[in-house]
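Analysis of the macromolecular model
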Amino acid sequence: MNIEPRKLHKPAEPLVKIATIFRMFSRQAHPQGPEANLVVGVICQAIYDCLYASLVEKSRAWNFLQDERLHVWASTVSLDADFIRDVASKTGYMSKEPPHKVIKKKKEAQLA
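Quick summary incoming for the structure in this document. This structure is a prediction, so every number in the text was calculated from the model and none was measured.

Tallying each qualifying case throughout the model produces three salt bridges. Here Arg60 ties to Glu57 by a salt bridge, and the two come within 3.2 Å at their closest N and O atoms. Of this pair, Arg60 and Glu57 both sit in helix H4 (residues 55-66), three residues apart, which is roughly one turn of that helix. Look at Arg60 and you get exposed, because its relative accessible area is 55%. Of the residues examined, Glu57 reaches a relative accessible area of 32% and is grouped as partly exposed. Across the pair Arg69 and Asp67 runs a salt bridge whose closest N-O atoms are separated by 3.1 Å. Judged by its relative accessible area of 42%, Arg69 falls in the partly exposed class. Residue Asp67 is classed as partly exposed on the basis of its relative accessible area of 29%.

Moving on to the environment of Phe83. Considering the arrangement of structural elements, one finds Phe83 in helix H6 (residues 81-90). In this structure Phe83 touches Met24, Phe25 and Gln28, once residues within four positions along its chain are discounted.

Cut-offs used in this document
- Residues numbered from 1 in each chain as written.
- Predicted model: local features only at pLDDT ≥ 70, side-chain atom pairs only at ≥ 80, totals over all residues.
- Heavy atoms only, no water.
- Salt bridge = Lys/Arg side-chain N within 4 Å of Asp/Glu carboxyl O.
- Helix = DSSP H or I, 4+ residues; strand = E, 2+ residues; numbered from the N terminus.
- Buried < 20%, exposed > 50% of the residue type's maximum accessible area, 1.4 Å probe, protein only.
- Contact = heavy atoms within 4.5 Å.

Such coordinate-based values are descriptive only and should not be taken to indicate function.
Written out as structure tokens, the structure is:
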């Protein structure tokens, strides 16, 4: 019996699309303008990378969203960093624990 692992461990889909999160953050950003859209775009890219990027990029994005850098970026457009983290986790893009590499166990040589 062959079982395809992709069917068993399909990642959960987020509740909303990243464009919806971008629009929500853009409407709350102050002052409005292209610079605010750029900052919101950087934050939304980090949220998106927490789910869909490679393992290295997931780790970088998760670390960005958890440390002081998010607060610095969010404060430039008057957004709250804790609110951004809540949105990212409740919509299904960011997990509570950091992404980590799955360690495969080595097959031990059997002595006959």
